[in-house]
Amino acid sequence: MSADVYRGVENREPILMTPEAVEGLVTLEEYRSKGAGYTALEKALKTMTPEEVHEEVKTSNLRGRGGAGFPAGVKWGFAPKDTGKPTYLVCNGDEGEPGTFKDRWLLRQTPHRLVEGVLITSYAIGCNQAFIYLRQEFDREAVRIRSAIEEARESNLLGKDILGSGWDCEITVFMGAGAYICGEETALLNSIEGKRGMPRVRPPFPAIVGLYGCPTIINNVETLSNIPAIINNGGAWYASYGTEKSTGTRLFSVSGRIANPGVYEVEMGVTWSALLDDLCGGPSREKPFKALYPGGSSTPILKASEIDDVIMTHEAAFELGTFLGSGATIVLDEDDDIVDVVLNLATFYKHESCGQCTPCREGCRWMVEILQRIADGLGTMDDLDLLIDVADHICGNTICAFGDGAAGPVATAVKKFRSEFEARVAVSTARGSE
Amino acid sequence: MALEYSQESRKALDSMRAEYPELRSILIPALKLAMKDHGSLTKESIELAADEAGVSGAVAAGVATFYHNLHTGTIGKHLIMICTTISCQLAGATDVVSRFEELLGITIGETTDDGLISLLAVECLACCGNSPAVQVDYDYFESFQPEQCEAVVESLRAGRHPEGGAGVPGGDPDREAEVGA
């Protein structure tokens, strides 16, 4: 990993990808000596009430880094107190959105920081048992997280009467078994409960009725990894990074036709060009960029021309009709065939649909069928409108966001790159009339 | 005779039980251990896991068929999983698939006749920056090139975990080889 992984609007220090973290803060000793390890937990337990911790996170306006971008502090506030039931915290480490690999970086480089973030958050929401859900493919990363948990336990940072505070907290690592949909928070809860990973109907929201029917807060790995710095430096300090509504920094996973792919931390509000051209070195094949998925394959595609001078914030992405999602930027250049790319991703969604809702289960299959015949040179012009029609019937008609994530990008690609789809169809029409 | 867990798996399940408020939560781990002890999941081994987690065989079968890494069909002792989702596809995953197919004499999705190796195309492995990504027995092999396929196959045939995996972060390479999925 190159050293210039961070880019701020002004001359500010990185929050997550500090030089020490880039090198690796793997053991407790490393995290303590070079990463201010567990000083935030100690500060929270010894000098702050849970409410004060919650207040700092609200002030920071830290928004969820898993995809939806919902303010973490507001989410924490939805969990009712005094229900007589336990409250659970679940860390979502089921990173699977195509293009996303920043949580794996955090798990490998700074496992203790995640454990500390989970503990501080548990303290704030009144949780005594937290779960870290990791996709099964993070097998080796899980070894490291489990070691971190054991090291923390040996130093009384986890378990009973943590640092003499009288507060107990356990962390259990739960390994998935291969299912993209389990990154959806209610599907994830079902998976921990030993069920098929199918999303639940909301309401009730998991903050009220979550794991084992109890109040449950679910936060992403990156979201929780930011908590120690927020507690050490204050919510106002964190909010001084970025813009008013999109505070802080974000990790972007950049892949595709890019000279230097990798994980980059950028302050919210820098331009796309600062990330893609300055940090990532521009296109990898000396061909101009054609398009990009800004925040993962579930976020509608942008033409390269749409991001000229645009800054990276939730609001700016929304204005372009897309999202920052999980911060997974997949770049395509002029030589990439949009039809082939969309077919690859549609196949992914067909494979990963849980099958619960008819529009998604059937629609994802139909989209692949139609795209396949277009790719095979057997499509018709009517197929293009049919594709958009199928996609439109999935969007908004399913109980979770998977349907929109599968269909929106297909419809957007056909609308924005219609001439490329038409060219594939024209080839087949010409062949048919030979 | 009814199937049983190995002593090692039994120990793992016993210590796991205390970690969850509801017994049912150990169903997925129980299915994985049944697979580890008895190969791909059968009606009998699914029942074994079901009894362990206190659910019916039908419920356990529903779970066993939902998750991609719980295998109910033929599955080899070792897994080579090649990511074929977009970033890896752009980086040449198809060439990696072809080379493995050639070396193993099977097509993607199949298992070698001796039951040693299964070759699987999988969805995004969260390693898109170093694509194409391959996992061998759940260890990452990043920026994987077709020229590396032969060494991987040779190692597995010789009973060794291949060199060059990402392993456990900061971990002892000797210990890493013992890590199971």
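Residues numbered from 1 in each chain as written. Chains lettered and ligands numbered in written order. Predicted model: local features only at pLDDT ≥ 70, side-chain atom pairs only at ≥ 80, totals over all residues. Heavy atoms only, no water.

### Here we look at the sheet that holds strand β3 (residues 134-136) of chain B
All names here are of chain B. Read across the open sheet, the four strands follow the order β2-β1-β3-β4; overall the sheet is mixed. Two strands bound the open sheet, and with one partner strand each, they are β2 (117-122) and β4 (139-141). Recorded for the sheet is a direction-independent mean angle of 25° between the axes of neighbouring strands. With respect to the sheet, helix α7 (residues 149-157) is in contact with β1 (78-83), β2 and β3, its orientation differing from that of β1 by roughly 160°. (Pairing = 2+ DSSP bridges. Helix = DSSP H or I, 4+ residues; strand = E, 2+ residues; numbered from the N terminus. Axes fitted to C-alpha atoms, helices over the stretch in contact; angles between N-to-C directions. Contact = heavy atoms within 4.5 Å.)

### Here's the deal with the pairing of strand β10 (residues 328-333) of chain A
Looking along a regular strand, one sees the side chains alternate between the two faces of the sheet. Residue and element names in this part refer to chain A. In terms of burial, β10 is a largely internal element, six of the six residues being buried. Every second residue of β10 is oriented toward a common face, with Ala328, Ile330 and Leu332 on one face and Thr329, Val331 and Asp333 on the other, all of them buried. Here strand β8 (residues 289-293) runs beside β10; their pairing, made up of four bridges, is antiparallel. What sits directly across from Ala291, in β10, is Leu332. (Buried < 20%, exposed > 50% of the residue type's maximum accessible area, 1.4 Å probe, protein only.)

### Thoughts on the environment of A:Gly24
Residues and elements named next belong to chain A. Residue position: Gly24 is located in the loop between α1 (19-23) and α2 (28-34). Here the alpha-carbon distance between Gly24 and Thr87, two residues 63 residues apart in the chain, equals 32 Å. Excluding residues that lie within four positions of it along the chain, Gly24 makes contacts with Glu30 and Gln109.

### Quick notes on the interface of chain B and chain A
Every contact between the two is made by 50 residues of chain B and, on the other side, 59 residues of chain A. In total, chain B and chain A occlude about 4,400 Å² of area from one another, counting both sides; carbon and sulfur atoms represent 55% of this. The salt bridge involving B:Glu142 is made with A:Arg104; its shortest N-O contact spans 2.7 Å. At the surface where chain B touches chain A, the tally comes to 30 residue pairs in polar contact (both at pLDDT 80 or more). Every element with two or more residues in the side of chain B that touches chain A is listed here: α2 (27-38), α4 (57-64), α5 (86-90), β4 and α8 (173-176) of chain B. Here the side of chain B that touches chain A is composed, by residue class, of 24 nonpolar, 16 polar and 10 charged. (Buried area = accessible area lost by both parts, 1.4 Å probe. Salt bridge = Lys/Arg side-chain N within 4 Å of Asp/Glu carboxyl O. Polar contact = N/O pair within 3.5 Å; in protein donor to acceptor, adjacent residues only side chain to side chain. Nonpolar A, V, L, I, M, F, W, Y, C, P; charged D, E, K, R; others polar.)

### Description of the side chain of A:Thr313
Residues and elements named next belong to chain A. Tracing the sequence through the fold places Thr313 in the loop between β9 (302-303) and α14 (314-319). A polar contact is formed between the side chain of Thr313 and the backbone nitrogen of Ala316, at a distance of 3.0 Å. Dropping the residues within four chain positions of it, Thr313 is found in contact with Thr243, Ser246, Met268, Gly269 and Leu324.

### Observations concerning the nonpolar core
Taken as a class, soluble globular proteins show a tendency for nonpolar side chains to be buried jointly. Core analysis: the largest hydrophobic core is formed by 99 residues, its most contacted members being B:Ile80 and B:Phe100. Top contributing element to this core by residue count: helix α7 (residues 111-125) of chain A, with eight residues. Excluding residues that lie within four positions of it along the chain, B:Ile80 makes contacts with B:Phe100, B:Leu104, B:Ile117, B:Ser118, B:Leu119, B:Leu120, B:Val134, B:Gln135, B:Val152 and B:Leu156. Counting residues in hydrophobic clusters, the runner-up holds 85 residues, among them A:Val90, A:Tyr180, A:Leu211 and A:Leu345. (Core = buried A, V, L, I, M, F, W, Y, C linked by side-chain atoms within 4.5 Å.)

Treat this as a map of the structure, not an account of what it does.
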